[in-house]
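Examination of the molecular architecture
Read off the chains here:
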Amino acid sequence: MTKIVAFFGILLFVALISAGCHAQSNAESMYENDQTGDATYYGHTDGGNCAITPRPSWASSLTYLVALNQNQYVSNYFSGGCGVCLEGRYLGTGAGADPPEETFTALVVDRCPECAVGDIDIAASGDGRWDIEWRAIDCPVGSQNINYLFEGSNTFYMKLGVRNHRVAVDSMEVRTQNGGSYVKATRTTDNFFECFNCDYPMDFPMPVRITSVTGEVIDDVVERLVADGQVNGEGRQFSGFGGSPPSTPSPGPSPSPSPSPSPSPSPSPSPSPSPSPSPSPSPSPPPASSCSVLVLSLAISIAGLIFSILVQ
């Protein structure tokens, strides 16, 4: 009986690690691949589970604020879909009285627990369920920098959110005391990070290290502590996803220009030959993710452990 319990306990542990890796891949896949699903409406909101308040100034340039389906909201553990910007189009089919705009942009500010993968719930009045296609894009932050939002914090407890980011945030590390080491913070379901293993009380200015879903790392400094409120950093921002669409149509042949009449009988000079364009280098395949390496290492180690349990 002990062997059976140990065996299934090990399988459960591997499943949890694999699920975490799958969640991590969700955020990147929203940028890399077209997503299809339904668009519905749930009414206007000034809040939302992502706690993006106040709204960034550029949010007014987008068509909608939306709630993202539970699976993709959780991306990168608990709330990785928060603050992602989307670009989508209405596919022309569905049912109801109020189809969405033919093309639209949106900011994820909330979670839709009952929505299926690919679905969004629009924070506006409307009726119907409509077929859409969308993809995550860089948020139009312009020259604005990342800032930070504290909630219920004091010198012995940190609950800190990253706001106004160009692409989705993967993780945060903090150095709460001068001369200390960076400690990885834990993400919450409402788009903040807590640090239970950090050294307290916190010293300010406080260094933070933020990683995006692209793997880009930013070292920034949170200038001061406020119990509940927004503070600036040192002026940092992610460069953007920078990925190419998965399918780009090949350009058609350029039409030949119509010959211009010569103003005089003088012979035209022979055109210089155009240099042949250098071929673009083939992109290198992306390296294996840290989660993939972790799961492989665990599988090898656990295989040996299972064998030793079964032969005892």
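Residues numbered from 1 in each chain as written. Predicted model: local features only at pLDDT ≥ 70, side-chain atom pairs only at ≥ 80, totals over all residues. Heavy atoms only, no water.

1. Section: the sheet that holds strand E14 (residues 217–222)
We count it as follows: Pairing between strands requires that DSSP locate at least two bridges from one strand to the other. What counts as a helix is a DSSP run of H or I of at least four residues, what counts as a strand is a run of E of at least two, and both are numbered from the N terminus.
Taking strand neighbours across the sheet as the criterion, the 4 strands line up as E10-E9-E13-E14 in an open arrangement whose pairing is antiparallel. Edge positions in the open sheet fall to strand E10 (183–184) and E14, since each of these has one partner strand only. As paired elements, strand E9 (residues 169–174) and E10 share 2 bridges and run antiparallel to each other. Each bridged residue has a counterpart across the sheet, and for glutamate 173 the counterpart in E10 is lysine 184.

2. Regarding the confidence of the model for the chain
Keep this limit in mind: What pLDDT reports is the predictor's confidence in each residue, on a scale of 0 through 100. By definition in these notes, contact holds between two residues if any of their heavy atoms fall within 4.5 Å.
Looking at the chain, pLDDT values average 79 and 69% of them are 70 or higher. For the stretch residues 1–25, pLDDT sits under 50, and the model shows 27 contacts to residues farther than four places along the chain or on other chains. When the criterion is pLDDT under 50, residues 243–299 qualifies, and its contacts beyond four places in sequence or with other chains add up to 17 contacts.

3. Section: the environment of alanine 227
Along the polypeptide, alanine 227 turns up in the loop between E14 and strand E15 (229–232). Distance in space between the C-alpha atoms of alanine 227 and tyrosine 157 is 9.8 Å, their sequence separation being 70 residues. With near-sequence residues (within four places) excluded, alanine 227 lies in contact with Phe150, Glu151, Gly152 and Ser153.

4. A closer look at the state of the cysteines
As a reminder, the rule being used: Working definition: a disulfide is two cysteine sulfur atoms within 2.5 Å of each other. For the exposure calls, accessible area comes from a 1.4 Å probe over protein chains only, and a residue counts as buried if that area is under 20% of its type's maximum, exposed if over 50%, partly exposed in between.
Evaluation of the coordinates by the stated rule reveals 4 disulfides. Between cysteine 85 and cysteine 139 runs a disulfide, and the two sulfur atoms are separated by 2.0 Å. Sign of the S-S torsion, about 105° for the bond between cysteine 85 and cysteine 139, identifies this disulfide as right-handed. Of this pair, cysteine 85 sits in strand E3 (residues 85–95) while cysteine 139 is found in the loop between strand E6 (129–137) and strand E7 (147–150), placing the two residues 54 residues apart along the sequence. The class for cysteine 139 is buried, based on a relative accessible area of 3%.

5. Here's the deal with the sheet that holds E15
Spatial strand order, E11-E12-E8-E7-E15: 5 strands in an open sheet with antiparallel pairing. Lying at the two open borders of the sheet, with one neighbouring strand each, are strand E11 (186–187) and E15. Relative to strand E8 (residues 159–163), E7 is paired through 4 bridges, and the arrangement is antiparallel. Note on E8: the bridge partner recorded for phenylalanine 150 is leucine 160.

6. Quick look at the nonpolar core
This is how it is decided: Nine residue types can take part in a nonpolar core, namely buried Ala, Val, Leu, Ile, Met, Phe, Trp, Tyr and Cys, and a core is a set of them joined through side-chain atoms within 4.5 Å.
Core analysis: the largest hydrophobic core is formed by 60 residues, its most contacted members being Leu86, Ile120, Tyr148, Met158 and Leu160. In this structure methionine 158 touches Phe150, Ser153, Val174, Ala185, Phe193, Glu194, Cys195, Tyr200, Met202 and Met206, once residues within four positions along its chain are discounted.

7. Some words on the pairing of E9
Of all the 6 residues making up E9, 5 are buried; the element is thus mostly covered by neighbouring parts of the structure. Pairing analysis gives 5 bridges linking E9 to strand E13 (residues 206–212), with the strands arranged antiparallel. By the bridge assignment for E13, serine 171 is matched with threonine 211.

8. Examining the packing of aromatic side chains
Applied cut-off: Think of it this way: a Phe, Tyr or Trp ring, Trp meaning its six-membered ring, pairs with another when their centres are within 6.5 Å, and the plane angle makes it stacked under 30 degrees, edge-to-face over 60, tilted otherwise. By the criterion adopted, a ring carries a charge over it if an Arg CZ or a Lys NZ lies within 6 Å of its centre and within 35 degrees of its normal.
Scanning the entire structure with this criterion turns up 4 aromatic pairs. Measuring from centroid to centroid gives 4.8 Å for tyrosine 31 and phenylalanine 241, while their planes differ by 15°, and the two rings are stacked. Taken as a pair, tyrosine 31 in helix H1 (residues 2–32) and phenylalanine 241 in the loop between E15 and helix H3 (290–311) lie far apart in primary sequence, 210 residues in all. On the basis of relative accessible area, tyrosine 31 is assigned to the buried category, the value being 4%. In this structure, arginine 163 packs its charged tip against the face of phenylalanine 192, placed 4.8 Å from the ring centre. One residue, arginine 209, lies across the ring of tyrosine 182, its end atom 4.0 Å from the ring centre.

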